[in-house]
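A closer look at the structure
The residues making up each chain are set out below.
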Amino acid sequence: MLTTLESLFSALADRTRLEIVLFIMRNGKASVQEIARGINKSQSLVSHHLACLRNCGIVKTERKGKYVYYSLLDNEVVSIIKLAVEHAMKFSQSILACEIINEEKNRNEIETRVNLT
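Residues numbered from 1 in each chain as written. Predicted model: local features only at pLDDT ≥ 70, side-chain atom pairs only at ≥ 80, totals over all residues. Heavy atoms only, no water.

1. Notes on the confidence of the model for the protein chain
- For the protein chain, per-residue confidence averages 92 on the pLDDT scale, and 99% of positions sit at 70 or higher.
- Confidence, expressed as mean pLDDT per element, reaches its minimum in the protein chain at helix H7 (residues 99–116) with 83 and its maximum at helix H3 (residues 32–39) with 98. (pLDDT = per-residue confidence, 0-100. Helix = DSSP H or I, 4+ residues; strand = E, 2+ residues; numbered from the N terminus.)

And the structure:
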């Protein structure tokens, strides 16, 4: 159970996936093209992240003609995201000041840069 929960939070911890989720939440449903334009990312990148979100039970798809529309899976997902947003707004200063989180972010950024070279 802990591994599954960790994976769910990891799916939501990625900035691009979080942008996608928030975009869909604001718009109700959207195609890959609409999401890509809305968050200013490439369509292939958005598609890649949507596959992850779908596999993790965060978004669902609905085909209408030649287009596939994405929406949040259900009200439970909407509630989780709304609660997370409320919590983040309420405790933003504490969250942003957390030394442990900042150290982890810095370490991940360094590892990413090293892997790209």
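Moving on from the coordinates now.
2. Considering H3
- When we look at burial in H3, the residues that qualify are Val32, Ile35, Ala36 and Ile39. End-on view of H3: buried residues confined to an arc of 100 degrees, all on one side of the axis.
- Positive phi appears at Asn40, one or two residues downstream of H3, with a value of about 60 degrees. (Buried < 20%, exposed > 50% of the residue type's maximum accessible area, 1.4 Å probe, protein only. Arc of directions from axis to C-beta.)

3. Brief notes about the pattern of salt bridges
- Scanning the entire structure with this criterion turns up two salt bridges.
- A salt bridge links Lys64 to Glu62; the shortest N-O distance between them is 3.9 Å. (Salt bridge = Lys/Arg side-chain N within 4 Å of Asp/Glu carboxyl O.)

4. Focus: the sheet that holds strand S3 (residues 67–72)
- The strand order across the open sheet built from three strands is S1-S3-S2, with neighbouring strands paired in antiparallel fashion. Single-partner strands in this sheet number two, and they are strand S1 (30–31) and strand S2 (59–64).
- With two bridges connecting them, S1 and S3 associate as antiparallel partners. Looking at S3, one finds that Ala30 is bridged to Tyr70.
- Packing of helix H4 (residues 43–55) onto the sheet brings it into contact with S2 and S3, and relative to S2 it is tilted by some 115 degrees. (Pairing = 2+ DSSP bridges. Contact = heavy atoms within 4.5 Å. Axes fitted to C-alpha atoms, helices over the stretch in contact; angles between N-to-C directions.)

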